[in-house]
Amino acid sequence: MATIPTDELNIIQHFGPHLARMSGERLSTAIEPDRLVKTHCCFCGQQCGIQLKVKGNEVIGFEPWEDFPFNRGMLCPKGVKRYLQGSHPDRLTTALRRDPKAEGGFAPISYADAIAKVASEIQRIQNAYGNDAIAMLSGASLTTEKAYLNGKFARVCLKTPYIDYNGRLCMVSAGAGNKKAFGIDRTTSPWSDMVGTEVVWVAGSNVAECSPITTNYIWQAREQGAKVIVQDPRITPIARTCDLFLPVKPGRDAALFSGVLQLMIENGWIDRQFIENHTNGFEQLADYCKQWTPAKTAEVTGVPERSIRLAAEWWGQAKSSFLFHARGIEHHSVGVQNVLGAINLVLASGRIGKPKSGYGTITGQANGQGGREHGQKCDQLPGLRDIANPEHRKYIASVWKIDEKDLPGPGVDAYELMRKIDAGEIKGLISICFNPMVSLPDNNFVRRALEKLEFYVAIDFFLNDTARYADIVLPGSLQEEDEGVVAQVEGRVIKINKAVDCPGEARQDWRIIQDIAKALNRPHGFTFTSPREIFEELRIASKGGIADYSGITYEKIERQFGVFWPCPSNDYKTGQPVPDHPGTPRLFEPGSYNSIAKGNGPFYFPDGKARFNVSEYRAPVDDISQEYPIFLTTGRVVSQFLSGTQTRRIGPLVDQYPEPRIEIHPRLAEKLGIQDKDWVTAETRRGSITLRAMVVTTIRPDTIFIPYHWAGKKSANQLTVSAQDPISKIPQYKVCGCRVKKADAPPSYEGKLEAQQ
Amino acid sequence: MKPEHLQFFIDPNRCIGCQACVQACTECDTHRGVSMIHLEYIERSRSVQTVPVVCMHCEQPTCAEVCPADAIKRTADGVVQSARKPRCIACGNCVMACPFGVPEVYEDRQLMMKCDMCYDRTSTGKKPMCATVCPSQALFFGTREQIEQLRPMSVPTNRFQFGNQSITTQVNMMLPKDGAHQMLVNVTDAMNDQPKARNVSLPVVSADPFAEVEVAL
């Protein structure tokens, strides 16, 4: 029974989030570390290189790693203070069992007993309701080895189609758009290609706060003469000094791209030769764009006509360019259409596959790229393979040494999985690296669904906000307690190195998964003894797939400071072994040979051509209305990360931005009688929230912004809508209608909770 | 000794307010746990512009000149050191006098502390912590040749005017390349609402981009 065992304040008192600060050996300047471990930050998709200072079995600090080429020692505040997540007072060092009578609602139990209980409950539920009554939620902050293992575990051990991951809230619109246009899902170029380009277009990306290291690349490009275009409803730090700001109304990005493309077509600012030789579908797109006159585009998007014209002129006439986007255009029920709109601008320009020109999506999580490649997605098998494709199934079944008939088919996305729990179809849940009570939209519904589970086991290193609903909690591993690979924002596969051992009875996540398989008496395929062994199988499983890792080794990664996939073990053309294959930093270079096109062209379709897709504009679901007249948009702040499981436990990061606030323009605030720091209530069709106002001119006057890292009554996702993109199934976090008023009273939590709780 | 050819450059135009410098500063060995950097919004209600302030390491440090206890020393490499513990009487003269507003008195330890350009690091050839981690490189530590090559649109200066006081510093401030005032920052003038000859050549979203947005309630 997945209900909360005791009063939430009681749980918080025992399991946090509490704050860790520098103390003891971490504050002393007399202590020398035993060693420095070269690894990467545990947070965002930039995956900055960092050296951890280790003393005994504790990470006591960090030292910049200036040799790693992507960030050259640079870090954001999260990277600087990430080490404080280790040796934390809230750290789970034993397994826990839900126990309303215990302090904090959970009682410690032995690891062996916990595993036995998990196995017996899975067995019981599957006997009673069938294999499909068990589901798994996984995550993209895990190493690729773990993501691969989880995908295999769900299908082979649990025998369920129901696995999905939190990249569903992050990377799937970009992934789906990339596959439709290019046949491959990866950023096209290393970031170094940005420096020296003529125009950088940043679409829906708060770069300075969500991917800070990219700032230096953009501004270095600007120093070399690039013009910077930023498309955002807020003047973020990257927009502050841009050359052209496109203050788009939330949810209108596809219209803006179509309007710009129409002007490019009218003025002949497109690369006809490239379009002719290397693409399909342009005429149909051009037909669609005809309706997007500058006047109509301005009316729909809220971007002044002169700015739309200037954007078309700069983008259209550039000789080199770099466009990237992030969740700002992707978190929509038209997320894939928005992505396709951006890609259309790139393809029409012909500026792709060349030095100083590129396109990409900025990944959110540590393994936002690698975590979406090797099978933890509901429709996917390793190597970016398709679980519905008979050839792909056959190959993976052979690698996993199972009968293809026993391999389940496609499952459903993470939110649909919640709906299936709510509908009573799914009775048991395993979650790891996923905190849906904070991160999923309309989380009052999520709570209702969770409470219907017969059995819920959460694996985590802290008791995250969702794990409070679990029957059993298994103590997993921090990033620095394990090794493995991740693929960062550029598509560069890098190596996470182990710095310390898990404390107490905590275990590396892959061991926990295998222990469950063993306890279920289904150990086949789950007897790995190290991440390296998992990686070796993953190399084989990915071989010949689009995300081909077969030529990547741990050693090659260390030697080259990362390897860009695809990196085959055997030459695609000749079949000869190519142990020295360096990987593929830049995709789509003229004359390049890939495993799909086989020489027909640089793109990953049999004819080697890229696809234009009509990127149709549709108004958002739950758009503004008379009843809910103000746009609500959500996002991140620089000192917090995702659902805050880690960063809301790190004192110096909490100090920086302690609690969520409602960003509101003074013109709107004045109409509502709201002043800076007033308690303000924002309300949507799904819920309401009371937070302090932050009155600033840096946001559209018809829009409010709330960062989403907090839980419970402070969670922005009480308000957001669970409408999803029909293709990618990403939720529409970035827009819905809301109403705002000065609060009648301070919120009920005032004085009871610390800022981060 | 800090190597002479390596210098500190501040480019506030690049600052994104992320506080990586502030957080990293607390990791330094000479003042572990306390940040010596001041990072502030100019006026958050109107802009996301922030500015990082480190010690400018003046050639004739005002802080040292006004110190009644002779507690503040400038080493031969030009670095103005934090107050010497046995001498400092925590009177706060330096706090009042520093034109850049850098020193602070820590009442709990009865001591003035300020940025010493990560002396534990720079004296052994490493970069200061803040300039190493700064993700927008608003804080840069390197050679003049490097900064000239990396920042062709701006130029470093180390001369500042505060009323009648002229100050030359070790730390450089990056200024837009065009403009007659470029080799000297007149701070007093700049504090006026409408400073003379303000010429910011780097693009800044200044005119209200939301002027045309209607608020329909």
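Keep in mind that what you see is a predicted model, and the values were worked out from it rather than measured.

How do you make sense of the overall build of chain B when you look at a structure like this?
Looking only at helices and strands, one finds seven helices and nine strands in chain B. The C-alpha atoms of chain B give 18 Å as radius of gyration, which agrees with the globular expectation for 217 residues (17 Å, within 12%). Across the 217 residues that make up chain B, the buried fraction comes to 41%. Pairs at least 24 apart in sequence give 56% of the contacts found in chain B among residues at least 6 apart.

Is there a simple way to explain the sheet that holds strand β13 (residues 358-361) of chain A in this structure?
Whenever strands of a sheet pair, they do so through backbone hydrogen bonds, lying parallel or antiparallel. All names here are of chain A. With parallel pairing, the five strands of this open sheet are ordered in space as β10-β9-β8-β12-β13. What marks the edges here is a single partner per strand, and that holds for β10 (244-246) and β13. Direction aside, neighbouring strands of the sheet carry axes that sit 10 degrees apart on average. Bridge count for strand β12 (residues 321-325) against β13 is four bridges, and the pairing is parallel. In the strand pairing of β13, Phe-322 is matched with Gly-358. Across the sheet, helix α15 (residues 335-349) touches β8 (199-203), β12 and β13, and the angle it forms with β12 is around 170 degrees.

Sorry if this is basic, but what is going on with helix α7 (residues 214-223) of chain A here?
Every α-helix carries 3.6 residues per turn, so stepping three or four residues along brings you back to the same face. Counting buried positions along α7 of chain A gives nine out of 10 residues, so the element sits mostly inside the fold. Looking at the buried residues of α7 of chain A, the elements they touch are β8, α6 (207-210), β9 (227-231) and α8 (237-240) of chain A together with α6 (144-150) of chain B.

I tried to follow the sheet that holds strand β20 (residues 492-496) of chain A on my own but got confused; where do I start?
All names here are of chain A. Pairing is antiparallel across the open sheet formed by three strands, whose spatial order is β19-β20-β21. Looking at which strands have only one partner, the edges of the open sheet turn out to be β19 (484-487) and β21 (563-564). Bridge count between β20 and β21: two bridges; the pairing is antiparallel. The residue bridging Arg-492 from the neighbouring strand is Phe-564, located in β21.

Is there a simple way to think about the pairing of strand β7 (residues 154-162) of chain B in this case?
Looking down a regular strand, the side chains alternate between one sheet face and the other. Residue and element names in this part refer to chain B. Of the pairings in the sheet, the one linking β7 to strand β8 (residues 165-176) comprises eight bridges and is antiparallel in character. Residue pairing across strands places Val-155 opposite Leu-175, the latter belonging to β8. The loop that links β7 with its antiparallel partner β8 comprises two residues; one of these, Gly-163, has a positive phi angle of about 60 degrees. Sheet topology note: the β7/strand β9 (residues 185-186) ladder contains two bridges and is parallel. The residue bridging Gln-161 from the neighbouring strand is Asn-186, located in β9.

Would you explain the pairing of strand β4 (residues 95-98) of chain A in this entry?
All names here are of chain A. By the bridge criterion, four bridges tie β4 to strand β5 (residues 106-109) in an arrangement that is antiparallel. Across the sheet, the residue bridging to Leu-96 is Pro-108, located in β5. Relative to strand β18 (residues 472-475), β4 runs antiparallel, the two being bridged by two bridges. Paired with Arg-97 across the strands is Ile-472, a residue of β18.

Looking at this model, I keep getting lost on unusual backbone geometry. Mind explaining?
Among all residues save glycine, negative phi is the norm, and among peptide bonds the norm is trans. Cis geometry is adopted by the peptide bond preceding Pro-17 of chain A, which originates at Gly-16 of chain A and carries an omega value of 15 degrees. Note that Pro-17 of chain A resides in the loop between α1 (8-15) and β1 (35-40). Put simply, Trp-565 of chain A and Pro-566 of chain A share a cis peptide bond, and its omega is -5 degrees. Here the phi dihedral of His-57 of chain B falls at roughly 55 degrees; this positive angle occurs in a residue that is not glycine. By the secondary structure assignment, His-57 of chain B is in the loop between β3 (50-53) and α2 (62-66). Of the residues examined, His-57 of chain B has 25 C-beta atoms within 10 Å and is grouped as buried. You will see that Met-117 of chain B, though not glycine, has its phi angle at about 55 degrees, which is positive. Residue position: Met-117 of chain B is located in the loop between β5 (111-113) and α4 (119-122). Note on Met-117 of chain B: 28 C-beta atoms within 10 Å, which makes it buried.

Rules used in this analysis
- Residues numbered from 1 in each chain as written.
- Chains lettered and ligands numbered in written order.
- Predicted model: local features only at pLDDT ≥ 70, side-chain atom pairs only at ≥ 80, totals over all residues.
- Helix = DSSP H or I, 4+ residues; strand = E, 2+ residues; numbered from the N terminus.
- Rg over C-alpha atoms; globule rule 2.2 N^0.38 Å.
- Buried ≥ 20, exposed ≤ 12 C-beta atoms within 10 Å, placed from the backbone.
- Contact = placed C-beta atoms within 7 Å.
- Pairing = 2+ DSSP bridges.
- Axes fitted to C-alpha atoms, helices over the stretch in contact; angles between N-to-C directions.

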